Amino acid sequence: EEDPGVAGAMSIKLRELIRSIRACKTAAEERAVIARECALIRTAFKEDDNQFRHRNVAKLLFIHMMGYPTHFGQMECLKLIASSKFAEKRVGYLGLTQLLDENTDVLMLVTNSVKHDMNNENQYVNGLALCALGNIGSNEMCRALAREVENMMASPNPYLRKKAALCAMRIVRKVDEIEDKFNGKIGNLLEDRNHGVLLAGCSLLTTLLEVNPSYIKEFRRHVPSLLRALRNMVTSGYSSAAEYDIAGITDPFLQAKILRLLRIFGERNVDASDEMNDILAQVATNTEGTKNTGNSILYECVLTIMSIEAESGLRVLGINILGRFLQSRDNNIRYVALATLQRVVSADQQVMQRHRNTIIDCLKDADISIRKRALDVTYSLVDETNIKSMTKELLTYLLVADTDFKEELCSKLCMAVEKFSPNRQWQIDTLIKIMCLGGSHVKEEQREKFCRVVAATPELHSYTVIKLYANMRESLSQEALVHVGVWCLGEFGDLLVSGTAVGPDDQPLAAVSSSDVLDLLYDVVRKPPVADKASATHCLVAAALVKLVTRCPGEAEKIKKLLRRFDTSLHVDLQQRSCEFLELLHSEWDPHRPGILDRMPVPEKEIGAAGSAVAPVVAAAGGKDLLDLNDLLDAPSAAVASTSPAPAAYPAASGGGDLLDLLDGGPAAAPAPAPMAGDGLLDILGGPALTPAAATEAAPMVAFEKNGLKITFYPRKDADGSTSVLAKFTNSLNVPMTNFVFEAAVPKYVTLTMQPATGQVLPPNTADLVTQSMRCVNSTNGEKGLLMKLRIGYVCNGTPVQEMGQIGGFPPGY
């Protein structure tokens, strides 16, 4: 006979179990209660207790929600599903959907029970089976039960039609080859008067189109039905409005679903979009936005407007709705508005600019997520027309922004300035302002870009270094400002102390004594902006000090004294650098020191970005192919240096060399002797191969000679028809020419490839020490002569020099 105590323990109700678990004061006590109850449930399952099986499964569901293992109850769910009682069947299906998933092997055993319940006379049993299949149906189950689901979609009962349509969504996702099985039923669902069925039909069609977009064209014929249903709900006189009313909005769930479906049909289709324009305008103007229900409809409506080929006026209306969202007190609505504006910012920039102030005000919101999203939208609004005003507003906000937000704000500012700056001077000025206000939050990558921009703009070297020096004198608290300032002092310190520097407006800039520069660097060493990163700052200072040896020769002893501060540093890298720099200051390095400590070379892409890109240009009418090259190199058309006289032309080739002339454009080779009779086969199979045309060198050409600088070209015609030119540079002055840059431009019929020069310093009284190679391909095969426009830049005695030149007269065929 069964022990009454055990029976009483086994029949504990779910409510009592929940109460006992809530009464536990510790996790260990809770685990003990769960373990004891699971043991009792296992015992009941083992004894095949049918009376309390559904209660035990219900308790297992709660234990499963608590996060404890309940796999031992899976088979009991199948037994409950096979029961004839609805209460037990309901708990069984609930346990099936919660305790099992589509990958569980046990699920294969329930397929027949689900199929049997789909044919049950009770509609609620049918609904249980459909819900179970729609939630956890595996590929095999969906394939086996697809026909039953299709039949139930045609049921006269709207409850079953709705459940069957939702179940069909699972089948469409799981089984690829039978997604068209339900295509014929969807049209009837979209015409159904029951909102539940219509909602399920819209969901099924949306899923089908997402899985297989090729059906969009086929189902676009149902757009009028969807528009009619949407218009009925928007119309205030709708007869069944009270039945579906939620906060004054008629069936907002169905409206949102239809709007999403219209979004799919109207995308990249003008005809379907034209049909939707009127009803979308009605939804946007008639929907009340005082409550979340109406705001959800307006949000979906705006997304649909921005996704389809809507009229411009409708797009303006949509963006204005988002602008109203931004003024809401609800942070969720403001966040949604900002996220949507970020997606549609490219739709209409002019309309977006109307809400610029509201968006910028969101940068001051207390919620960090709102601030971040507003910053993304603000960055998207920046373009060439408003870069100055937007940057000014963002710099003003940078003053009051939270510390944890400044890094992202500085990053966005730097990217906007780099992308849309009107000129290099404004770009440099703005970046310096950013570093003065938030320099500790400017990333290392942005600092490096700033240095490359400065290096690539020789005409602003003196202006930039003096401006950085002045800002560093005021404050050394901003790390980025100090780092780029120290680098510029090392690179361009000679311009700072020379007294000959001029600004962008050609006005002279005040000179600074070399001792003041070294005192400033000593202050940086003594009090770095960030104490934890002092070693990185000291490394930059050491590099700047050793470069100042050649720029400020009178301060060599003071520089050595400062460098000796680092040769015993605990930081290995700093110690090694300082020791190497001190070794470099010994007298045996005197001849080589100017070249070693010369300015850093500028990458070609940076030179191009600075406005001096070299590229082929369109030929002018009348054969004046170099007419536009002066504009390309920013030089007046009259600024052309004298060219060297053309060398003597090659003698004309004798007859028979026309083919070689056509192939390589060079002087024709002597025709090959005609083969002897009978030797044709020998020539084809084993005769001597034709010797390719050898490369020919032309006489050297003086391309440019002025102010102690001489450039000599050594042209050579290669066997492949291209022309190689080796440029050799000579400096006949007693002072070096530093930061030397040589550039060339050619007409559009010539392709020019230039290799970097072997150096950027021309030592005094040296010839041919620095060279640069060029390769030209003339697409006219020599019919038009090779022409070049030259630009030469260098610094001599601290003064930047820029010269222009032009050269022609290359040998015929080049």
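Just so we're clear, the structure is a prediction, and the values are computed from it rather than from any experiment.

J.: What is the right way to look at the overall build of the chain in this model?
T.: Per the secondary structure count, the chain includes 38 helices and eleven strands. Within the span of the chain, comprising 814 residues, buried residues form 49% of the whole. In the chain, once contacts between residues fewer than 6 apart in sequence are set aside, the share between residues at least 24 apart is 66%. Put simply, the chain shows about 40,000 Å² of open surface, and 52% of that area lies on carbon and sulfur atoms.

J.: So what exactly am I meant to see when it comes to a negative patch on the surface here?
T.: Residues Asp271, Asp274, Glu275, Asp278 and Glu311 make up a contiguous surface patch of negative charge. Summarising the element assignment, Asp278 is placed in helix H17 (residues 270-286). By relative accessible area, Asp278 is classed as exposed at 53%.

J.: Teacher, can you tell me more about the confidence of the model for the chain here?
T.: Do not read the predicted coordinates in detail wherever pLDDT is low. Here the chain shows a mean pLDDT of 82. Residues at 70 or above account for 85%. The model gives residues 1-9 a pLDDT under 50, and that stretch makes three contacts with residues more than four places away or in other chains. Every residue in residues 610-692 is under pLDDT 50, and counting partners more than four places away or in other chains gives 98 contacts.

J.: Looking at this structure, I do not really get the sheet that holds strand E11 (residues 799-807). What am I missing?
T.: Within a sheet, adjacent strands bond to each other through the backbone by hydrogen bonds, running parallel or antiparallel. Within the open sheet, the three strands sit side by side as E7-E10-E11. Their pairing is antiparallel. Taken across any chain shown, the strands that pair with only one partner, and hence form the sheet edges, are strand E7 (737-745) and E11. Averaged over neighbouring strand pairs, the angle between their axes works out to 15° when direction is ignored. Here seven bridges tie E7 to strand E10 (residues 788-796), and the two strands are oriented antiparallel to one another. By the bridge assignment, Ala744 is partnered in E10 with Leu790.

J.: Teacher, can you tell me more about the environment of Trp426 here?
T.: Position of Trp426 among the secondary structure elements: in helix H26 (residues 424-438). Between the alpha carbons of Trp426 and Lys388 there is a distance of 9.1 Å; along the sequence they are 38 residues apart.

J.: Explanation requested: the state of the cysteines in the structure shown.
T.: Covalent bonding between the sulfur atoms of two cysteines defines a disulfide. Scanning all chains against the criterion turns up zero disulfides. Looking at Cys451, it has no disulfide partner, and the nearest cysteine sulfur is the one in Cys488, 5.5 Å off. A relative accessible area of 13% means that Cys451 is categorised as buried.

J.: Is there a simple way to explain unusual backbone geometry in this structure?
T.: Among all residues except glycine, the phi angle is most often negative; among peptide bonds, the trans geometry is most common. You will see that Ala247, though not glycine, has its phi angle at about 55°, which is positive. Note that Ala247 resides in the loop between strand E1 (245-246) and strand E2 (249-250). Despite not being glycine, Asp768 shows a phi value in the positive range, around 60°. Topologically, Asp768 is positioned in strand E9 (residues 766-778). Note on Asp768: relative accessible area 35%, which makes it partly exposed.

J.: In this structure, what is going on with helix H19 (residues 312-326)? I would like to understand it.
T.: For an α-helix the count is 3.6 residues per turn, leaving residues at separations of three or four pointing the same way. Spanning 15 residues, H19 covers 21 Å between terminal C-alpha atoms, matching the ideal 21 Å at 1.5 Å per step. Along H19, the residues classified as buried are Leu314, Arg315, Val316, Gly318, Ile319, Ile321, Leu322, Gly323, Phe325 and Leu326.

J.: Sorry if this is basic, but what is going on with helix H27 (residues 444-455) here?
T.: The terminal C-alpha atoms of H27, which comprises twelve residues, lie 17 Å apart, in line with the 16 Å expected from a rise of 1.5 Å per residue. Along H27, the positions that sit buried rather than exposed are Gln446, Arg447, Phe450, Cys451, Val453, Val454 and Ala455.

J.: Sorry if this is basic, but what is going on with the side chain of Asp494 here?
T.: Within the secondary structure, Asp494 is located in helix H29 (residues 479-498). Once you skip the residues sitting within four places of it in the chain, Asp494 turns out to touch Arg551 and Arg599.

J.: How should the pairing of strand E5 (residues 709-717) be read in this particular structure?
T.: Two faces make up the sheet, and in a regular strand the side chains alternate between them. Summarising the sheet, strand E3 (residues 696-697) and E5 pair through two bridges and their orientation is antiparallel. By the bridge assignment for E5, Thr696 is matched with Lys717. Relative to E5, strand E4 (residues 701-706) runs antiparallel, the two being bridged by five bridges. Residue pairing across strands places Met701 opposite Phe713, the latter belonging to E5. Connecting E4 to the next strand, E5, in antiparallel fashion are two residues, including Asn707 with a positive phi near 55°. Strand direction decides the pairing type here: E5 and strand E6 (residues 723-731), joined by nine bridges, are antiparallel. Residue pairing for E6: Lys717 is matched across the bridge by Thr723. Linking two consecutive strands that pair antiparallel, namely E5 and E6, is a turn of five residues; a positive phi of about 95° is found at Gly721 within it.

J.: How do you make sense of the nonpolar core when you look at a structure like this?
T.: Buried together is how nonpolar side chains tend to be arranged in soluble globular proteins. Membership of the largest hydrophobic core comes to 191 residues, with the highest contact counts inside it found for Leu96, Val149 and Phe265. For this core, the element with the most residues is H29, which contributes ten residues. The contact partners of Val149, leaving out residues within four places of it in the chain, are Met118, Leu130, Leu133, Ala164, Cys167, Ala168, Ile171 and Phe182. With 32 residues, the next largest nonpolar core counts Leu709, Val725, Met737 and Leu752 among its residues.

J.: What is the right way to look at the packing of helix H4 (residues 53-65) against helix H5 (residues 74-81) in this model?
T.: Two quantities define a packed helix pair, namely the angle between the axes and the distance from one axis to the other. At a closest axis distance of 10 Å, the pairing of H4 and H5 adopts a crossing angle of 135°. As judged from the angle between their axes, H4 and H5 are oblique. Viewed along their axes, H4 and H5 form a crossing whose handedness is left-handed. Contacts from Arg53, His54 and Val57 of H4 reach H5 at Glu76, Cys77, Lys79 and Leu80. Tallied by class, the residues present in the contact of H4 with H5 amount to three nonpolar, one polar and three charged.

J.: What's the story with the pattern of salt bridges in this structure? I'm lost.
T.: Two side chains that carry opposite charge are able to pair once their charged atoms sit near each other. Under the defined criterion, the tally for this structure stands at 34 salt bridges. Ionic pairing is found between Glu418 and Lys449, a salt bridge with its closest N-O pair at 3.4 Å. In this pair, Glu418 is assigned in helix H25 (residues 403-420) and Lys449 in helix H27, connecting sequence segments 31 residues apart. The class for Glu418 is partly exposed, based on a relative accessible area of 41%. With relative accessibility at 22%, the residue Lys449 sits in the partly exposed group.

J.: Looking at this model, I keep getting lost on the packing of aromatic side chains. Mind explaining?
T.: Note on aromatic pairs: each is described by the distance of the centres and the angle between the planes. Enumeration over the complete set of coordinates arrives at eight aromatic pairs. The interplanar angle of 70° and the centroid separation of 6.1 Å between the aromatic rings of Tyr397 and Phe405 together place this pair among those described as edge-to-face. Residue classification places Phe405 among the buried residues on the basis of a relative accessible area of 0%. Taking the centre distance of 6.3 Å and the plane angle of 85° together, the rings of Phe713 and Phe742 count as edge-to-face. Of the two residues, Phe713 sits in strand E5 while Phe742 sits in strand E7, which places them 29 residues apart along the sequence. Comparing Phe713 with Phe742 shows no difference in burial state: the two are buried. Through a chain of ring-to-ring contacts, the aromatic side chains of Phe713, Phe729, Phe740 and Phe742 assemble into a single cluster. One cation-aromatic arrangement involves Arg42 over Phe72; the distance from NZ or CZ to the ring centre is 4.2 Å. Its end group placed over the ring of Tyr814, Lys717 keeps NZ or CZ at 5.7 Å from the ring centre.

Conventions and cut-offs
- Residues numbered from 1 in each chain as written.
- Predicted model: local features only at pLDDT ≥ 70, side-chain atom pairs only at ≥ 80, totals over all residues.
- Heavy atoms only, no water.
- Helix = DSSP H or I, 4+ residues; strand = E, 2+ residues; numbered from the N terminus.
- Buried < 20%, exposed > 50% of the residue type's maximum accessible area, 1.4 Å probe, protein only.
- Contact = heavy atoms within 4.5 Å.
- Areas by Shrake-Rupley, 256 points an atom, 1.4 Å probe, with all protein chains shown as cover.
- Patch = residues over 30% accessible without salt bridge, like charges linked within 9 Å, V, L, I, M, F, W, Y side chains within 5 Å.
- Salt bridge = Lys/Arg side-chain N within 4 Å of Asp/Glu carboxyl O.
- Lys, Arg positive; Asp, Glu negative; His and termini not counted.
- Charge placed at Lys NZ, Arg CZ, Asp CG, Glu CD.
- pLDDT = per-residue confidence, 0-100.
- Pairing = 2+ DSSP bridges.
- Axes fitted to C-alpha atoms, helices over the stretch in contact; angles between N-to-C directions.
- Disulfide = S-S within 2.5 Å.
- Expected span 1.5 Å × (residues − 1).
- Core = buried A, V, L, I, M, F, W, Y, C linked by side-chain atoms within 4.5 Å.
- Parallel < 35°, antiparallel > 145°, perpendicular 65-115°, else oblique.
- Left-handed = near helix turned anticlockwise from the far one by under 90°.
- Nonpolar A, V, L, I, M, F, W, Y, C, P; charged D, E, K, R; others polar.
- Phe/Tyr/Trp six-rings, centres within 6.5 Å; stacked < 30°, edge-to-face > 60°.
- Lys NZ or Arg CZ within 6 Å of the ring centre and 35° of its normal.

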